[in-house]
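# Architecture at a glance
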Amino acid sequence: MTTQQKKLAWLLGALLLAALCVLPFMVKNYRVFQFNLVLVYAIAILGLNILTGFNGQISLGHGAFFAMGGYTAAIMMDRFGLPYWSTLPVAGVVCFGLGFLMGFPALRLGGHYLALATYALALAVPQLLKWKLIEQWTGGVQGIVLSKPEPPFTFRFLGQPLNADRWLFFFTCAVTAIMFLLAYNLLRGRTGRALIAIRDHPIAATAMGINLPIVKSTAFGISAAYTGVAGALGAICVAFVAPDSFSVLLSITLLVGLVVGGLASIPGAIFGALFIQFVPNVADELSKSAPWAIYGVLLIGIMYLMPTGAMGLLKGAWARLRPAAAPDAKSPKPALTPRRHPT
């Protein structure tokens, strides 16, 4: 990266930071709440992308890990009175352990067989949360009602106070930035190269000395940990958890966001989260009688126009608009080889 490109990146980062600081004070509380959910879904989609996009393992059960993270945060806050911020690492560790254990049976499965196995997990977890033996912890069918954390300080900006939703927006932005930075450093190193090698050529990856069982199980665990942190953040932002909130539709919705944003793309998680949060609302405004039909038509149209996702479209447009690199005048010219004449 050249010096000019670094300056441009710093400038864009500063503008983005300023926009994020001003944004929650320019919209109403409900819109801030929606932006909080966008960030939550972005973390969950990023976790699913680590597993599916970079490692090639298809999962239809990440809603179960989302539920585990949400209930871990809710139980810690409601039953033990712990602060909300302390629930995030615990939810990540719990879901990492569950995902790592889930990764071992997945070693013998692949493709649609693994998708069906994770689909069964997504079906089972909401029912297990209603189990009478653990109802005293999970709240059963009624779930657990929480209180949104109050900001540690308060002020007014643009005539709007710093309330609970706006404070959670800044807190969620900070957590999202940390999770994305960790994923970027993870995927650009040896672990990321090992995941991609297993996805593309598992036999060649084994021949190169990559331990497939450990790497694939670790990928499952890391993916589940990201989704668990997202679930904990979602429980804090919504201030409510219930088994019916984590149905199979949630797992399918995360997969839709992954495909719309773009496979094997870290920024694509943001576009996928925006899609699954706002497009259903747009479909509902277009047709009150058949919103899911409108949603399906919009999804088909987007997949037709962007078969590689939003990030694939942006990368293709950037490649077409970027001018061709000029040849460097200082670079040595290739030596001319004399032409042989036939004798």
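Residues numbered from 1 in each chain as written. Predicted model: local features only at pLDDT ≥ 70, side-chain atom pairs only at ≥ 80, totals over all residues. Heavy atoms only, no water.

### Some points on the overall build of the chain
Under the convention used in this document: Strands are runs of DSSP state E lasting at least two residues, helices are runs of H or I lasting at least four, and both sets are numbered from the N terminus onward. Exposure is judged per residue with a 1.4 Å probe applied to protein chains only, and the accessible area is read against the type maximum: over 50% gives exposed, under 20% gives buried, and values in between give partly exposed. Computed by Shrake-Rupley with a 1.4 Å probe, the accessible areas treat only the displayed protein chains as cover when residues are assessed. In this tally, Lys and Arg are treated as positive and Asp and Glu as negative; His is ignored, and so are the chain termini. Taken as the charge centre is NZ of Lys, CZ of Arg, CG of Asp or CD of Glu, depending on the residue.
Helix and strand counts for the chain come out as 14 helices and four strands. Taking all 343 residues of the chain together, the buried fraction comes to 44%. For the chain, the accessible area works out to roughly 19300 Å², and carbon and sulfur atoms hold 69% of it. Treating the 24 positive side-chain charges of the chain as one cloud and the 9 negative ones as another, the clouds have centres 18 Å apart.

### Points about the packing of helix α2 (residues 29-52) against helix α10 (residues 212-238)
Counted only if it meets this: Throughout, an axis means a line fitted to C-alpha atoms (over the contacting stretch in the case of helices), and angles, computed between N-to-C directions, take values from 0 to 180 degrees. By the definition adopted for this analysis, an angle is roughly parallel if under 35 degrees, roughly antiparallel if over 145, roughly perpendicular if from 65 to 115, and oblique otherwise. Any two residues whose heavy atoms approach within 4.5 Å at even a single point are treated as in contact. In this classification, the charged set is Asp, Glu, Lys and Arg, the nonpolar set is Ala, Val, Leu, Ile, Met, Phe, Trp, Tyr, Cys and Pro, and all remaining amino acids, among them Gly, are polar.
The contact between α2 and α10 brings their axes to 7 Å, and the two run at 170°. Taken together, the axes of α2 and α10 are roughly antiparallel relative to one another. Counted together, Phe33, Asn36, Leu37, Val40, Ile43, Ala44, Leu46, Gly47, Leu48, Ile50 and Leu51 of α2 and Ala219, Phe220, Ile222, Ser223, Tyr226, Thr227, Ala230, Leu233, Gly234, Cys237 and Val238 of α10 form the full contact between these two elements. Across the contact of α2 with α10, the residue classes tally to 17 nonpolar, five polar and no charged.

### Brief notes about the nonpolar core
Which entries qualify depends on this criterion: In this text, buried Ala, Val, Leu, Ile, Met, Phe, Trp, Tyr and Cys residues form a nonpolar core when linked through side-chain atoms within 4.5 Å.
Tyr41, Phe66, Val175, Tyr226 and Leu254 are the most contacted members of the largest nonpolar core, which totals 78 residues. Going through the elements one at a time, α2, α3 (62-78), α4 (87-106), α7 (164-187), α8 (190-200), α10, α11 (248-261) and α12 (268-286) are the ones with two or more residues in this core. A total of 15 residues in this core trace back to one element, the largest contributor, which is α2. Not counting chain neighbours up to four residues away, the residues in contact with valine 175 comprise Ile43, Leu88, Val229 and Leu233. In terms of nonpolar packing, the next biggest core, distinct from the first, is built from eight residues, Leu51, Phe65, Ala106 and Phe220 among them.

### What about the packing of aromatic side chains?
Applicable threshold: Between 30 and 60 degrees the pair is tilted, below 30 it is stacked and above 60 it is edge-to-face, where a pair is any two Phe, Tyr or Trp rings, Trp via its six-membered ring, whose centres lie within 6.5 Å.
The tally for this structure, following the rule as stated, stands at 17 aromatic pairs. A centroid spacing of 5.1 Å and a plane angle of 75° characterise the contact between tyrosine 84 and phenylalanine 171, whose relative ring orientation is edge-to-face. One end of the pair, tyrosine 84, is in the loop between α3 and α4; the other, phenylalanine 171, is in helix α7, and 87 residues separate them in sequence. Each member of the pair, tyrosine 84 together with phenylalanine 171, is buried. Centre to centre, the rings of tryptophan 292 and tyrosine 295 are 5.4 Å apart; their planes meet at 80°, and the pair counts as edge-to-face. With tryptophan 292 and tyrosine 295 both in helix α13 (residues 291-305) and three residues apart, this pair spans about one turn of that helix. Its relative accessible area of 56% is what places tryptophan 292 among the exposed residues.

### Examining the environment of glycine 231
Within the fold, glycine 231 resides in helix α10. Remark: the alpha-carbon pair of glycine 231 and alanine 310, spanning 79 residues in sequence, is separated by 24 Å. Among all residues touching glycine 231, those that are not within four sequence positions of it are Phe66, Gly69 and Gly70.

### Concerning a nonpolar patch on the surface
Rules: What makes a patch is a set of residues exposed beyond 30% relative accessible area and free of salt bridges, joined within 9 Å when like-charged and within 5 Å when nonpolar (Val, Leu, Ile, Met, Phe, Trp, Tyr). By salt bridge we mean one thing: a side-chain nitrogen of Lys or Arg within 4 Å of a carboxyl oxygen of Asp or Glu.
Together, Met26, Phe153, Phe155, Phe157 and Leu158 line one region of the surface with nonpolar side chains, adding up to about 510 Å² of accessible area. Residue position: phenylalanine 153 is located in the loop between β1 (144-145) and β2 (156-157). Assessed through its relative accessible area of 46%, phenylalanine 153 is described here as partly exposed.

### Concerning the side chain of threonine 72
How we decide: In the analysis that follows, any N or O atom pair within 3.5 Å is treated as a polar contact, provided that within protein one partner can donate a hydrogen and the other can accept it, and provided that, for residues neighboring in sequence, both atoms belong to side chains.
Turning to its location among the elements, threonine 72 is positioned in helix α3. At 2.7 Å, the side chain of threonine 72 forms a polar contact with the backbone oxygen of methionine 68. Discounting residues that sit within four places of it in the chain, threonine 72 has contacts with Val90, Ala91 and Val94.

### Some points on the pattern of salt bridges
One pass over the structure, following the stated rule, counts four salt bridges. A salt bridge links aspartate 78 to arginine 79; its shortest N-O distance comes to 2.0 Å.

### Overview of the packing of α3 against α10
The criterion, for reference: Crossing handedness is read from the near helix: turned anticlockwise from the far helix by less than a right angle, it gives a left-handed crossing, and turned clockwise, a right-handed one.
In the contact formed by α3 and α10, the axes pass within 7 Å of each other and the chain directions differ by 50°. One way to sum up the angle between α3 and α10 is to call them oblique. α3 and α10 meet at a crossing whose hand is right-handed. Listed contacts from α10 to His62, Phe65, Phe66, Gly69, Gly70, Ala73 and Met77 of α3 are Phe220, Ser223, Ala224, Thr227, Gly228, Ala230, Gly231, Ala232, Ala235 and Ile236.

### Here we look at α10
Under the convention used in this document: One fewer than the residue count of a helix, multiplied by 1.5 Å, yields its expected span.
Here α10 contains 27 residues, and its C-alpha end-to-end distance of 38 Å stays within 8% of the 39 Å for a straight helix at 1.5 Å per residue. Across the 27 residues of α10, 23 count as buried, placing the element largely inside the fold.

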